[in-house]
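# Reading the structure
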Amino acid sequence: MAVNEWERPPARSPIIRSADWVLSEERGAGAPRAIYGAECMTCGDRSTLADDDAQPVAVWCIFHTQQDPHHDLFLVRAEKHWRVHPREHEDETEDGEGGRPASHPIVAFFDRAFGPSFVGLMCLLTALSGYLLALN
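Keep in mind it's a predicted model, so treat the numbers as computed, not measured. (Residues numbered from 1 in each chain as written. Predicted model: local features only at pLDDT ≥ 70, side-chain atom pairs only at ≥ 80, totals over all residues. Heavy atoms only, no water.)

### Focus: the overall build of the protein chain
Each helix and strand in the protein chain was counted, giving two helices and six strands. In sequence order, the secondary structure elements of the protein chain are arranged as β-β-β-β-α-β-β-α. When the 136 residues of the protein chain are sorted by exposure, 18% land in the buried category. Pairs at least 24 apart in sequence give 47% of the contacts found in the protein chain among residues at least 6 apart. If you sum the accessible surface of the protein chain, you get close to 11,000 Å²; carbon and sulfur atoms cover 59% of it. (Helix = DSSP H or I, 4+ residues; strand = E, 2+ residues; numbered from the N terminus. Buried < 20%, exposed > 50% of the residue type's maximum accessible area, 1.4 Å probe, protein only. Contact = heavy atoms within 4.5 Å. Areas by Shrake-Rupley, 256 points an atom, 1.4 Å probe, with all protein chains shown as cover.)

Structure follows, in structure tokens:
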């Protein structure tokens, strides 16, 4: 069974994540998947905007060209609503991950700050011990 690429992703599926923010499509009530519109590049006339359906805009382009055959180039736009919201970190949730209680904020800070430092230090010590063994 082929996956339909036009199916809507689940609500708040991230488009871009940064350290503290997530950019995702807006899936709120009344928000269309896309808004379509076209503009004639010859005279500047614009179609009406259409929610979730590009066909009325395509029909407008054809009728516009039928009225004047030299008007055959259009700029077509598809717009989407995006929202940026704060990223929910695992240690900031009420239940924590897997139903565990959330850790204390100080413990969470040390986990985030010193976890990568510890791994880097261990890599450095491993390389140094190999170097010292090579000197003997």
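### Side note on the pattern of salt bridges
Counted according to the given criterion, the structure contains four salt bridges. A salt bridge links Glu-26 to Arg-83, with the nearest nitrogen and oxygen atoms 2.4 Å apart. Residue Glu-26 is located in the loop between β2 (21-25) and β3 (35-40), and its partner Arg-83 is located in strand β6 (residues 82-86); the two are separated by 57 residues in the primary sequence. The exposure class assigned to Glu-26 is buried, which follows from its relative accessible area of 18%. (Salt bridge = Lys/Arg side-chain N within 4 Å of Asp/Glu carboxyl O.)

### A short note on the sheet that holds strand β5 (residues 74-79)
Within the open sheet, the three strands sit side by side as β4-β3-β5. Their pairing is antiparallel. Lying at the two open borders of the sheet, with one neighbouring strand each, are β4 (50-51) and β5. Pairing of β3 with β4 involves two bridges; the strand directions are antiparallel. Bridge pairing in β4 places Tyr-36 opposite Ala-50. Its contacts with the sheet place helix α1 (residues 55-67) against β3, β4 and β5, and it is angled at close to 15° to β3. (Pairing = 2+ DSSP bridges. Axes fitted to C-alpha atoms, helices over the stretch in contact; angles between N-to-C directions.)

### Notes on the side chain of His-64
Take His-64: it is sitting in helix α1. Setting aside residues no more than four positions away along its own chain, His-64 makes contact with Cys-40, Cys-43, Asp-45, His-71 and Phe-74.

### Some thoughts on the packing of aromatic side chains
One pass over the structure, following the stated rule, counts one aromatic pair. Ring centres of Trp-60 and Phe-74 lie 5.8 Å apart, and the angle between their planes is 75°; on these two criteria the pair is classed as edge-to-face. Of this pair, Trp-60 sits in helix α1 while Phe-74 sits in strand β5, placing them 14 residues apart in sequence. Owing to a relative accessible area of 22%, Trp-60 belongs among the partly exposed residues under this scheme. (Phe/Tyr/Trp six-rings, centres within 6.5 Å; stacked < 30°, edge-to-face > 60°.)

### A short note on the nonpolar core
Counting residues in hydrophobic clusters, the biggest one holds eight residues: Ala-34, Tyr-36, Ala-38, Cys-40, Ala-50, Val-57, Cys-61 and Phe-74. The leading source of residues in this core is β3, at three residues. Excluding its chain neighbours within four sequence positions, the residues that come into contact with Ala-34 are Ala-50, Asp-51, Asp-52 and Glu-79. (Core = buried A, V, L, I, M, F, W, Y, C linked by side-chain atoms within 4.5 Å.)

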